[in-house]
Amino acid sequence: MKLTTMRLLGAAALMRLAFFFYGIYQDEHSEIRFTDIDYFVFTDASKFIAQGGTPYERATYRYTPVLAWLLLPTTRYFWFGKLLFALGDIVAGWLMLRIFQLRGLSNDRALKFASVWLLNPMVATISTRGSSEGLLGAMVIALLWAVYEKKVVLSGVLTGYAVHFKIYPIIYVPSILWALDNSPVLLGNGVLRWVNKDRIKFALSSIITFAMLTGAMYYIYGHPFLSHTYLHHLSRSDHRHNFSPYNILLYISASPSVNKSPYPSLAFIPQLFISGIFLPFMLAKKDLAKTMFVQTVAFVTFNKVCTSQYFMWYIVLLPFYLPSSSMLKNKWLGLSALILWTLAQVLWLQQGFELEYIGKSTFFPGIFAATLIFFSVNVWILGVAIDDI
């Protein structure tokens, strides 16, 4: 049977419905819940809003109130958010196909590469467990689609919205600005020659959108909004389920009996330099979509907090890297990368399970070694991807 757009999207929807209904069954019949703990955080925040309060009355709610607003129907239909997030997966996949068309890829190949996202069981599981990453993925692909469609103002609006929703897409701003080099130059002297009509339109539309949304949320919710949604990430010290090389340092710093180390707060400096400055200016003019992919891999790899959900941030961009990648041309290279990436995760998860569920101290050499192995595998894969661009 020939694969078509409707069949691919239909199969993706059926897969998510299957996971969705299985999740309901598991939640009702198993001690181990299928639903992600974050989903309870989201829905509790929506309940507080519905009762006239603020989402930040729910401990650990670290997101924009916009997310809790979107999930207000969960106060009556608990499952609504899961279906919304799954729909985000499918919208992202549909937009991928549109972008592939604009990039001149054949329909058959476009469908094959989009299925890496749409038919990925990991992606379907994360969304139907109640993670909002699928919704964020749709926003990122939408802003990329707008750039390729030359809808500069729309791309700026979508970028401003995505950055407000989750701060990390700000790393894409330098890449998009650098890639918008085809419109007439407005200033003709020296370094100011980079100022052109499209860059001005994109910068203004993204800044205005972000400022309006952020200003409105601050007007309604005050300092708790800034503190929990943005400032929290500068001092964040999550160490559970954290694949990052900073994991043990964060664990030690979290102890009340230990003097707080300044290093976790400075971890964003090398991360932002690599993902937000170096890679955009080296690669964005060559291929924007692939550059956004390697930026995201770098951002997640060097982040002080790295969980499985964060992998969604670059998996949604993976289909744009694959068509001309050396990992696809050299199947042994691609297979080795997939196996090593998976085994490194399994190694860490085994050590993390013994620590967090059995209570066995596996910090050294267990988690320490597993963390360095996983980090090294990711850095190697990042290097291969950068060379491909």
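Refer to the structure presented above.
In short, a report on the structure. (Residues numbered from 1 in each chain as written. Predicted model: local features only at pLDDT ≥ 70, side-chain atom pairs only at ≥ 80, totals over all residues. Heavy atoms only, no water.)

**Concerning the overall build of the protein**
The secondary structure content of the protein amounts to 20 helices and zero strands. When each of the 389 residues of the protein is scored for burial, the buried share is 49%. Considering only intrachain contacts with a sequence separation of at least 6, the fraction spanning at least 24 residues in the protein is 70%. In the form shown here, the protein has an accessible surface area of approximately 18700 Å², with 68% of it arising from carbon and sulfur atoms. (Helix = DSSP H or I, 4+ residues; strand = E, 2+ residues; numbered from the N terminus. Buried < 20%, exposed > 50% of the residue type's maximum accessible area, 1.4 Å probe, protein only. Contact = heavy atoms within 4.5 Å. Areas by Shrake-Rupley, 256 points an atom, 1.4 Å probe, with all protein chains shown as cover.)

**Focus on a nonpolar patch on the surface**
Residues Leu14, Leu17, Phe21, Ile24, Tyr77, Trp79 and Leu83 make up a contiguous nonpolar surface patch of roughly 670 Å² in combined accessible area. Per element, the largest residue contribution to the nonpolar patch is four residues, and it comes from helix H1 (residues 5–29). Looking at the element boundaries, Leu14 is found in helix H1. Judged by its relative accessible area of 59%, Leu14 falls in the exposed class. (Patch = residues over 30% accessible without salt bridge, like charges linked within 9 Å, V, L, I, M, F, W, Y side chains within 5 Å. Salt bridge = Lys/Arg side-chain N within 4 Å of Asp/Glu carboxyl O.)

**Notes on the side chain of Lys290**
As for its placement among the helices and strands, Lys290 is situated in helix H15 (residues 288–301). Salt bridges are absent for the buried Lys290, whose nearest opposite-charge side chain, Asp287, sits at 4.3 Å. Here Ser324 takes part through its side chain, which lies 2.4 Å from a polar atom of the side chain of Lys290. Residues contacting Lys290, with those up to four places away along its chain left out, are Arg103, Phe320, Tyr321, Ser324 and Ile389. (Lys, Arg positive; Asp, Glu negative; His and termini not counted. Polar contact = N/O pair within 3.5 Å; in protein donor to acceptor, adjacent residues only side chain to side chain.)

**Points about the side chain of Ser132**
Its location among the elements puts Ser132 in the loop between helix H6 (121–128) and helix H7 (133–148). We classify Ser132 as buried; its relative accessible area is 4%.

**Some points on the nonpolar core**
The nonpolar side chains of a soluble globular protein tend to be buried with one another. Ranked by size, the top nonpolar core spans 99 residues in total, and within it Tyr61, Trp117, Ile141, Phe311, Leu317 and Phe320 carry the most contacts. The leading source of residues in this core is H7, at twelve residues. Setting aside its immediate chain neighbours within four residues, Trp117 contacts Arg16, Asp89, Ala92, Gly93, Met96, Val123, Met312, Ile315, Val316 and Pro319. (Core = buried A, V, L, I, M, F, W, Y, C linked by side-chain atoms within 4.5 Å.)

**Overview of helix H10 (residues 197–221)**
With 25 residues, H10 should reach 36 Å at 1.5 Å per residue; the first-to-last C-alpha distance of 36 Å fits that figure. Buried within H10 we find Asp198, Arg199, Phe202, Ser205, Ser206, Thr209, Thr214, Met217 and Tyr221. Its side-chain oxygen at 3.2 Å from the backbone nitrogen of Asp198, Asn196 defines the N-terminal cap of H10. A positive backbone phi angle near 70° is found at Gly222, which sits one or two residues after H10. (Expected span 1.5 Å × (residues − 1).)

**Observations concerning helix H8 (residues 152–165)**
Spanning 14 residues, H8 covers 20 Å between terminal C-alpha atoms, matching the ideal 20 Å at 1.5 Å per step. Listed in full, the buried residues belonging to H8 are Val152, Ser155, Gly156, Thr159, Gly160, Ala162, Val163, His164 and Phe165. Where H8 is buried, its residues meet helix H3 (65–70), H7, helix H9 (172–179), H10 and helix H11 (223–229).

**Some words on the packing of H7 against H8**
It is the contact of H7 with H8, at a shortest axis distance of 8 Å, that shows an interaxial angle of 160°. It follows from the interaxial angle that H7 and H8 lie roughly antiparallel. Of the two elements, H7 crosses H8, and the hand of that crossing is left-handed. Where H7 abuts H8, its residues Leu135, Leu136, Met139, Ala142, Leu143, Trp145, Ala146 and Val147 lie against Leu154, Ser155, Leu158, Thr159, Tyr161, Ala162 and Phe165. For the contact of H7 with H8, the per-class residue count stands at 13 nonpolar, two polar and no charged. (Axes fitted to C-alpha atoms, helices over the stretch in contact; angles between N-to-C directions. Parallel < 35°, antiparallel > 145°, perpendicular 65-115°, else oblique. Left-handed = near helix turned anticlockwise from the far one by under 90°. Nonpolar A, V, L, I, M, F, W, Y, C, P; charged D, E, K, R; others polar.)

**Section: unusual backbone geometry**
Of note in this structure, Thr60 is not a glycine but carries a positive phi near 75°. In this fold, Thr60 is placed in the loop between helix H2 (37–50) and H3. In this model, Lys150 sits at a positive phi of 65°, which is unusual for a non-glycine residue. Within the secondary structure layout, Lys150 lies in the loop between H7 and H8. Taking relative accessible area as the criterion, Lys150 reaches 68% and is therefore assigned exposed.

**Brief notes about the pattern of salt bridges**
For the structure on display, the rule yields nine salt bridges. Between Asp44 and Arg58 there is a salt bridge, and its shortest N-O distance comes to 3.0 Å. Of this pair, Asp44 sits in helix H2 while Arg58 is found in the loop between H2 and H3, placing the two residues 14 residues apart along the sequence.

**Here we look at the packing of helix H4 (residues 80–102) against helix H5 (residues 107–118)**
For any two helices packed against each other, one specifies the inter-axial angle together with the distance between the axes. Look at H4 against H5: their axes get within 9 Å of each other, and the N-to-C directions meet at 155°. One finds that H4 runs roughly antiparallel with respect to H5. Remark: the crossing between H4 and H5 carries right-handed chirality. For the pair H4 and H5, the contacting residues are Asp89, Ile90, Ala92, Gly93, Met96, Leu97 and Phe100 in the first and Ala110, Leu111, Phe113, Ala114, Trp117 and Leu118 in the second. Its residues assigned to classes, the contact of H4 with H5 shows eleven nonpolar, one polar and one charged.

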